[in-house]
Amino acid sequence: MDEEPERAKRWEGGYERTWEVLKEDESGSLKATVEDILFQSKRKRVIENHGQVRLGMMRHLYVLIDCSRSMEDQDLKPNRLASTLKLMEAFVDEYFDQNPISQVGIITTKNKRAEKLTDLAGNPKKHIAALKKAVDTLCVGEPSLYNSLNLAIQTLKHMPGHTSREILIILSSLTTCDPASIYELIKTLKSLKVRVSVIGLSAEVRVCTVLTRETGGSYHVILDESHFRELLMLHVKPPPASSSSECSLIRMGFPQHTIASLTDQGAKPSFSMSHLDNSSGPGLSLEGYFCPQCHAKYTELPVECKVCGLTLVLAPHLARSFHHLFPLQAFTESSVEELQEDRFCQACQGELKDKIIFTCPSCRSVFCVECDLFIHDSLHCCPCCIHSQSTS
Amino acid sequence: MASLSEEVLLVVKKVRQRKQDGTLYLMAERIAWGPEGKDRFTVSHLYADIRCQKISPDGKAKIQLQLILHTGESTTFHFSNESSALKDRDAAKELLQQLLPKFKKKANKELEEKNRMLQEDPVLFQLYKDLVVSQVISADEFWANRLGDMNNSDPTPYNNKQDVGISGAFLADIRPQTDGCNGLRYNLTADIIESIFRTYPAVKQKYGENVPHNLTEKEFWTRFFQSHYFHRDRINTGTQDIFSECAKQDEKGLKSMVVQGVKNPLVDLLSLEDKTLDEGYGVSTTTPSTSNANRTVKESSNAAIIKRFNHHSAMVLAAGSRKGQAAQMGTRGILTSSSLLLNPFFSLAIEYEDLQRENRLKTVALNLKKSDRYAHGPVPLQSQHYTTSQDIINSVNHIRHEMVNYKPNLTQVLSSTAASSAITALSPGGVLMMTGTQQAINQMIPTEVQGELKHLYAAAGELLRHFWSCFPVNSPFLEEKVMKMKTNLERFQMTKLCPFQEKIQRQYLSTNLTGHLEEMLQTAYSKFHVWQTRRMLRKT
């Protein structure tokens, strides 16, 4: 039967190139339309990203991962929990890449209770180590939205007002077991200006819709693993700040990396304040970043000085977030027939096979669909504009 | 001295203390003795201060009771009533035996907490040894700061006291397993037992009445699962089953719920009924009669199950809303009409948000002046030599001309000494390429010295953290604290840092290991000095 080879292909490479499988499936035209819709929404997001909008760049995000019985379902390979944790590792990396001065914490919920996996911290290594260990947890019982949101609120309510407080829930169960009315908790969340977003793994649940609508977050339900990844990466971008958040001046220190050698007269080996309690970190060393206020040493930045409480960052950390403030404008769409010259994309030098091409408004160079997405998602600058030497 | 509001638990007359006759009073929080004829108490001890009590052995002529305090002092009472001395003394002893443990717990709880923290965290223990045992800061200060931090950031108390909801399927989740010989094993966890008690308070009552007087816990649960109360066919057989009362109570509860009805104007439960379509359209169905005689056996068992389900759901909801605030929901979790219409939080059920146009979140526009400064950073202003734009154009042209006609003169570019020193600095092992030496230092210094240095860093870090947290100084409490911390830092430097320095000097280690710590302390001192001078200036 035709089904056998098709199934094998889907299992092996199905989640990499889903559109190839669809070609043989007559009744799969619905899936193709859905893919098309997803692609259109991606383009729409790129187009909407214009204008300079105030963003909440110092973010405190709690990720609530459901570890209930439904996470043992195997519709995501190898099971929902393993797949979620793997994607979370990638998310944490990407998150700290795009938001160097933000913090993340992870909470898990199962058996009607919630537990903190990691505290709010700005160091990705701890989170990734905890996520790797969590793959072995037993998934049992029902999740509790109330208890996990409560646990997150305990810490988030102490955060300063100019930072953005966010919660991202990954919920796979269709039920939640709460000790009290969750609508009261939604009111509390609203008053604390916490933005809650949900990614559902099974289906749309009414209580999540109300939760996200009232707090101003987004609610999506995944279709498959690649869609899951996309939805997770949506939350990497800093959200627009609501009009009610206060703005204030934030004090930061910009230490310089000093290196010295033993032969120098004034060489002083020292310990880093963040590695005092574990023996696995680097020991005595001559170089490091010294806090400008209290002179304590650290080996990695960004960090909050343990002695004087000053946030220490490097200038590139802040500069990395600038592309959110000054986004690249959307390229103009046009049909490929209008192109007079040779049809090849300026970025990848490949032949233009699609029907749509994109043109940069300032340098008028032509890009294909893939390159346009890549430029807007990752590069944040037109490659031809940087090359040109025009003075403006 | 006795306050009128104190509750007197026991009064014993004719008790001698230090050869004086008097009366012994046992109050709610203290024990007191007053001499005869006088109103005041000469001896008064709080139960919290008493370490233990002792009584004279039975054979002795004198019947005495001795109280030993924590401080080591002791007070002896001699019961001298001819007839009832032994009884009096025993009564006093019994009462004291009951009261003392209550007060003892309160005093020790804090100590226990501190001990636990010290045992769990070896770093904290080391810090305690370094700072308190060597008298750099007092124990009170140490714990004042620590306990404050702990209470704010300790998540474990929260975890232990999490409120837990009741899962609707908790009875189904019990999942009996056959144990091979015609029996069933039910796995009961503490969670399930709690859910049963909260949902069915009648069962909790029965449990309280019967265990442990009549039945053991195991027997109670075995009976529970065997009884028809638990199984779906609730045929009440006789009264020997302890749960038949529970079944009757449930019936009553269900009837009262039905009578109350649903007060939601948007829901009309009475107009819902089962309509069968397969026997011809337009055939009027007979209205279901409520008399038991007309029903078939199947219908009646179905009705019983449906009744059980409805009752179970209602009880679960009721238990949930009983726990939390029932202000929002009406009785038994059913929305009342007034709460629906008056509460703007719930949009009316007549509007569907999905069908409306999506509202975009209102965003705040960014207000940046000179946004191109973000592209290249701040540029220092320099004085300009050029006055007109023509000057600028001329100078640009001149430079362009020079660039075109530039001919390199390689012999005068860089002196050879400068070039060779730059090359040595940048080759491996040079001054600017010293990243590999940290291994060397770690091996040059013995590990015990490194360990000690780490402890010094931890202790200094703790003290400095308290110091820096005082700034900005805007209250007299912080002023005091900052001055105290400065003296603490100086004391730390003298008692810990200098001896360590001397020690390593004696070991002929030439590297300046304490230089960084001294720098940190010096920065703190200079900050303090600046603050002090500013304060002086402000006062004058």
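For every chain, the first residue of the written sequence is number 1, and numbering continues from 1 onward in sequence order. Naming scheme: in the order in which they are written, chains are lettered from A and ligands are numbered from 1. Per-residue local features of the predicted model are confined to residues with pLDDT of at least 70, and side-chain atom pairs are confined, for both listing and counting, to 80 or more; whole-chain, interface and lining totals are unaffected and use all residues. Excluding hydrogens and water, the side-chain figures rest on all heavy atoms present in the structure.

1. Structural notes on the overall build of chain B
Next up, step 1: By the criteria applied, helices consist of DSSP H or I runs no shorter than four residues and strands consist of E runs no shorter than two, each listed in order from the N terminus. Across its full length, chain B carries 17 helices and nine strands.
Next up, step 2: Using a 1.4 Å probe on the protein chains alone, a residue whose accessible area is under 20% of its type maximum counts as buried, one over 50% counts as exposed, and one in between counts as partly exposed. Taken over 540 residues, chain B has a buried fraction of 32%.
Next up, step 3: We call two residues in contact whenever any of their non-hydrogen atoms come within 4.5 Å of each other. Long-range pairs, those at least 24 residues apart, make up 50% of the contacts in chain B with a sequence separation of at least 6.

2. Quick word on the overall build of chain A
Next up, step 1: Each helix and strand in chain A was counted, giving 13 helices and 15 strands.
Next up, step 2: The burial tally for chain A puts 47% of its 392 residues in the buried class.
Next up, step 3: Restricting the contact set of chain A to residue pairs at least 6 apart, pairs at least 24 apart contribute 64%.
Next up, step 4: As presented, chain A carries roughly 19900 Å² of accessible surface, and 53% of it is formed by carbon and sulfur atoms. All accessible areas in this document rest on Shrake-Rupley with a 1.4 Å probe, and a residue is counted as covered only by the protein chains that are shown.

3. Some details on the state of the cysteines
What we call a disulfide is simply a covalent bond connecting the sulfur atoms of a pair of cysteines.
Residue and element names in this part refer to chain A.
Next up, step 1: The criterion for a disulfide is a pair of cysteine sulfur atoms lying within 2.5 Å. Tallied over the entire structure, the rule returns zero disulfides over all chains.
Next up, step 2: In this model C368 remains outside any disulfide bridge; the closest cysteine sulfur is found in C371, 3.5 Å from its own.
Next up, step 3: Judged by relative accessible area, which is 9%, C368 ranks as buried.

4. A short note on the nonpolar core
Next up, step 1: Throughout this description, the term nonpolar core refers to a set of buried Ala, Val, Leu, Ile, Met, Phe, Trp, Tyr and Cys residues connected via side-chain atoms within 4.5 Å. Counting residues in hydrophobic clusters, the biggest one holds 54 residues, and the most contacted among them are A:C305, B:L453 and B:F467.
Next up, step 2: Elements supplying a minimum of two residues to this core: helix 1 (85–120), helix 2 (122–133), helix 3 (139–153), helix 15 (447–469), helix 16 (476–506) and helix 17 (515–539) of chain B.
Next up, step 3: Sorting elements by how many residues they give to this core places helix 15 of chain B first, with 11 residues.
Next up, step 4: Sequence-distant contacts of B:F467, defined by excluding residues within four places in its chain, comprise B:V482, B:M485, B:K486, B:L489, B:A524 and B:F528.
Next up, step 5: Counting 31 residues, the second-largest nonpolar core is a separate cluster that includes A:I107, A:M159, A:I182 and A:L189.

5. Structural notes on the UniProt feature "zinc finger region: C4-type" (unreviewed entry) in chain A
Next up, step 1: With numbering matched to this structure, UniProt assigns "zinc finger region: C4-type" (unreviewed entry) to residues 291–308 of chain A.
Next up, step 2: Regarding residues 291–308 of chain A, the helix share stands at 0% and the strand share at 22%, and the terminal C-alpha atoms are separated by 9 Å. UniProt positions are given in the numbering used here, feature names are shortened, and annotations may be inferred rather than shown by experiment.

6. Section: the sheet that holds strand 12 (residues 311–312) of chain A
Residues and elements named next belong to chain A.
Next up, step 1: In this analysis, strands are considered paired if DSSP registers two or more bridges between them. Read from one edge of the open sheet, three strands run 7-12-11, paired in mixed fashion. Edge positions in the open sheet fall to strand 7 (252–253) and strand 11 (303–304), since each of these has one partner strand only.
Next up, step 2: When strand 11 meets strand 12, the two strands line up antiparallel, connected through two bridges. Within strand 12, the residue paired with E304 across the bridge is T311.

7. Quick look at unusual backbone geometry
Next up, step 1: A cis amide bond, omega -15 degrees, links A:K77 with the succeeding residue A:P78.
Next up, step 2: Structurally, A:P78 can be placed in the loop between strand 1 (59–66) and helix 4 (80–98).
Next up, step 3: Here B:F471 and B:P472 are connected by a cis peptide whose omega angle stands at -5 degrees.
Next up, step 4: In this structure, A:K112 takes a positive phi of about 65 degrees despite not being glycine.
Next up, step 5: If you trace the backbone, A:K112 turns up in the loop between strand 2 (103–110) and strand 3 (113–121).
Next up, step 6: Overall, A:K112 belongs to the buried group, its relative accessible area being 8%.
Next up, step 7: With a phi close to 55 degrees, A:R364 is a non-glycine residue in the positive phi region.
Next up, step 8: As for its placement among the helices and strands, A:R364 is situated in the loop between strand 14 (356–359) and strand 15 (366–367).

8. Structural notes on the sheet that holds strand 15 of chain A
Residue and element names in this part refer to chain A.
Next up, step 1: The sheet built from three strands is open, its strands ordered 13-14-15 with antiparallel pairing. The open sheet has two edge strands with one neighbour each: strand 13 (332–335) and strand 15.
Next up, step 2: Bridge analysis of strand 13 against strand 14 gives four bridges, and the strand direction is antiparallel. Paired with E333 across the two strands is F358, which belongs to strand 14.

9. Digging into a nonpolar patch on the surface
Next up, step 1: A contiguous nonpolar surface patch, about 350 Å² in accessible area, is contributed by B:L410, B:V413 and B:L414.
Next up, step 2: Considering the arrangement of structural elements, one finds B:V413 in the loop between helix 12 (389–404) and helix 13 (416–426). Think of a patch as exposed residues, more than 30% relative accessible area, with no salt bridge, where like charges cluster within 9 Å and nonpolar side chains (Val, Leu, Ile, Met, Phe, Trp, Tyr) cluster within 5 Å. Salt-bridge detection follows one rule: a side-chain nitrogen of Lys or Arg within 4 Å of a carboxyl oxygen of Asp or Glu.

10. A few points about the confidence of the model for chain B
Residue and element names in this part refer to chain B.
Next up, step 1: Of all residues in chain B, 71% attain a pLDDT of 70 or more, and the chain-wide mean is 74.
Next up, step 2: Throughout residues 149–159 the model reports pLDDT below 50, and contacts reaching past four residues in sequence, or to other chains, amount to eight contacts.
Next up, step 3: Scored from 0 to 100, pLDDT records how confident the predictor is in each individual residue. Considering only residues more than four positions removed or in separate chains, one finds that residues 325–342, a stretch of pLDDT under 50, has 26 contacts.
Next up, step 4: Scored by ipTM, the complex comes to 0.70, with pTM at 0.68.

11. Examining helix 5 (residues 190–199) of chain B
Next up, step 1: Counting buried positions along helix 5 of chain B yields eight of 10 residues, so the element is predominantly enclosed.
Next up, step 2: Taken together, the buried positions of helix 5 of chain B are occupied by B:D191, B:I192, B:I193, B:S195, B:I196, B:F197, B:R198 and B:T199.

12. A few points about the pattern of salt bridges
Residue and element names in this part refer to chain A.
Next up, step 1: Scanning the entire structure with this criterion turns up 18 salt bridges over all chains.
Next up, step 2: Between R80 and D75 there is a salt bridge, with its nearest N and O atoms 2.8 Å apart.
Next up, step 3: Exposure remark for R80: the relative accessible area of 5% places this residue in the buried category.
Next up, step 4: Since its relative accessible area comes to 47%, D75 is described here as partly exposed.
Next up, step 5: Across the pair R213 and E214 runs a salt bridge whose closest N-O atoms are separated by 3.7 Å.
Next up, step 6: Overall, R213 belongs to the partly exposed group, its relative accessible area being 34%.
Next up, step 7: One salt-bridge network, in which partners are shared between bridges, spans D73, D75 and R80.

13. What about helix 17 of chain B?
Next up, step 1: In this analysis, the expected span of each helix is defined as 1.5 Å times one less than the number of residues it contains. For helix 17 of chain B, built from 25 residues, the straight-helix expectation of 36 Å at 1.5 Å per residue is met to within 8% by its first-to-last C-alpha distance of 36 Å.
Next up, step 2: Every buried residue of helix 17 of chain B is accounted for by B:G515, B:H516, B:L517, B:M520, B:L521, B:A524, B:Y525, B:F528, B:W531 and B:R535.
Next up, step 3: Turning to helix 17 of chain B, the residues buried within the fold contact strand 9 (288–290) and strand 10 (297–298) of chain A together with helix 15 and helix 16 of chain B.

14. A closer look at the pairing of strand 14 of chain A
All names here are of chain A.
Next up, step 1: Pairing between strand 14 and strand 15: two bridges, direction antiparallel. When the bridges of strand 15 are listed, T359 appears paired with V366.
Next up, step 2: Between strand 14 and strand 15, which follow one another and run antiparallel, lie six residues, and R364 among them has a positive phi close to 55 degrees.

15. A look at the packing of aromatic side chains
Residues and elements named next belong to chain B.
Next up, step 1: What counts as a ring pair is set by centres within 6.5 Å for rings of Phe, Tyr and Trp (its six-membered ring), and what kind of pair is set by the plane angle: stacked under 30 degrees, edge-to-face over 60, tilted for all other angles. Scanning the entire structure with this criterion turns up 14 aromatic pairs over all chains.
Next up, step 2: Relative to W531, the ring of F528 lies with its centre 5.6 Å away and its plane at 45 degrees, an arrangement referred to as tilted. Of this pair, F528 and W531 both sit in helix 17, separated by three residues, roughly a single helical turn. Across the pair, exposure class does not vary: F528 and W531 are buried alike.
Next up, step 3: Three or more aromatic residues link up through ring pairs in this structure, and these residues are F197, Y207, F220, W221 and F224.

16. Description of the packing of helix 4 of chain A against helix 5 (residues 124–133) of chain A
Residue and element names in this part refer to chain A.
Next up, step 1: Two numbers describe how helix 4 lies on helix 5: the axes approach to 9 Å, and their chain directions differ by 175 degrees. Comparing their axes, helix 5 and helix 4 come out roughly antiparallel. For the pair helix 4 and helix 5, the contacting residues are L85, M88, E89, V92, D93 and F96 in the first and P124, H127, I128, L131 and K132 in the second.
Next up, step 2: Among the residues forming the contact of helix 4 with helix 5, the class breakdown is seven nonpolar, one polar and three charged. Axes, fitted as lines to C-alpha atoms, cover a helix only where it is in contact. Angles between the N-to-C directions of the axes lie from 0 to 180 degrees. Under this scheme an angle from 65 to 115 degrees is roughly perpendicular, one under 35 degrees roughly parallel, and one over 145 degrees roughly antiparallel; angles in between are oblique. Note on residue categories: nonpolar means Ala, Val, Leu, Ile, Met, Phe, Trp, Tyr, Cys or Pro, charged means Asp, Glu, Lys or Arg, and polar means any other residue, Gly included.

17. Re the side chain of A:T109
All names here are of chain A.
Next up, step 1: For T109, the location among the structural elements is in strand 2.
Next up, step 2: Pairs of N or O atoms are called polar contacts if they sit within 3.5 Å, as long as, within protein, a hydrogen donor faces a hydrogen acceptor (for residues adjacent in sequence, only side-chain-to-side-chain pairs). At 3.2 Å, the side chain of T109 forms a polar contact with the backbone oxygen of R113.
Next up, step 3: Apart from residues no more than four positions distant in its own chain, T109 is found in contact with I65, D66, C67, S68, A114, P143, S144 and S148.

18. Considerations on the pairing of strand 6 (residues 63–69) of chain B
All names here are of chain B.
Next up, step 1: For strand 6, a buried count of five out of seven residues is recorded, marking the element as mostly surrounded by other parts of the structure.
Next up, step 2: Strand direction decides the pairing type here: strand 5 (residues 50–55) and strand 6, joined by five bridges, are antiparallel. Opposite I55, over in strand 6, you have L65 as the bridge partner.
Next up, step 3: Sheet topology note: the strand 6/strand 7 (residues 74–79) ladder contains six bridges and is antiparallel. Bridge pairing in strand 7 places Q66 opposite T76.
Next up, step 4: Between strand 6 and strand 7, which pair antiparallel in sequence order, lie four residues; one of them, G72, sits at a positive phi of approximately 105 degrees.

19. Regarding the environment of B:F467
Next up, step 1: Tracing the chain through its elements places B:F467 in helix 15.
Next up, step 2: With 18 residues separating them in the primary sequence, B:F467 and B:M485 have C-alpha atoms 5.7 Å apart.

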